[in-house]
Amino acid sequence: MEKQENTDKKLPKWKLWLKRFGIGGIIFFTVKGIITSTLIYFLGKNFWVIIRDFFVQWFD
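All of these numbers come straight from a predicted model, not from anything done at the bench.

Trainee: Run through the pattern of salt bridges, naming residues and quoting values.
Mentor: Taken as a whole, this structure holds 1 salt bridge when the rule is applied. We note a salt bridge from R52 to D53, for which the minimum N-O separation is 3.6 Å.

Structure follows, in structure tokens:
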């Protein structure tokens, strides 16, 4: 009976993420998303080409 009550009371999505990733993980994914979105916005369709060339340059 108690298990059924626990499943009925689901945590909000943000609390579930906080429990799973912790504060550091939430900050990391937020900053990563902001940086990626900004790069895609400014670089447009060439985003993946520029990123690929950047990494290829390191390994040559």
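Following the structure, the description resumes.
Trainee: Outline helix α2 (residues 13-43), listing residues and values.
Mentor: The end-to-end C-alpha distance of α2 is 32 Å, clearly below the 45 Å that 31 residues give at a rise of 1.5 Å each. Considering bend angle alone, the principal kink of α2 is centred on G22 and spans about 105°. Positioned one or two residues after α2, G44 has a phi angle of 65°, which is positive.

Trainee: Could you give an account of the packing of aromatic side chains, naming the residues involved and the relevant values?
Mentor: Following the criterion strictly, the structure yields 5 aromatic pairs and no others. Each ring, one from F21 and one from F29, has its centre 5.3 Å from the other, and the planes form 65°; the classification is edge-to-face. Measuring from ring centre to ring centre gives 5.1 Å for F54 and W58, while their planes differ by 50°; the resulting arrangement is tilted. Here F54 and its partner W58 are both found in helix α3 (residues 47-59), 4 residues apart, which amounts to about one turn of the helix. The class for F54 is partly exposed, based on a relative accessible area of 40%. On the basis of relative accessible area, W58 is assigned to the exposed category, the value being 57%. Grouped by ring-pair contacts, the aromatic residues F21, F28 and F29 constitute a single cluster.

Cut-offs and rules
- Residues numbered from 1 in each chain as written.
- Predicted model: local features only at pLDDT ≥ 70, side-chain atom pairs only at ≥ 80, totals over all residues.
- Heavy atoms only, no water.
- Salt bridge = Lys/Arg side-chain N within 4 Å of Asp/Glu carboxyl O.
- Helix = DSSP H or I, 4+ residues; strand = E, 2+ residues; numbered from the N terminus.
- Expected span 1.5 Å × (residues − 1).
- Bend = angle between axes of the 7 residues up to and from the residue.
- Phe/Tyr/Trp six-rings, centres within 6.5 Å; stacked < 30°, edge-to-face > 60°.
- Buried < 20%, exposed > 50% of the residue type's maximum accessible area, 1.4 Å probe, protein only.

Keep in mind that these numbers describe shape and distance, not what the molecule does.
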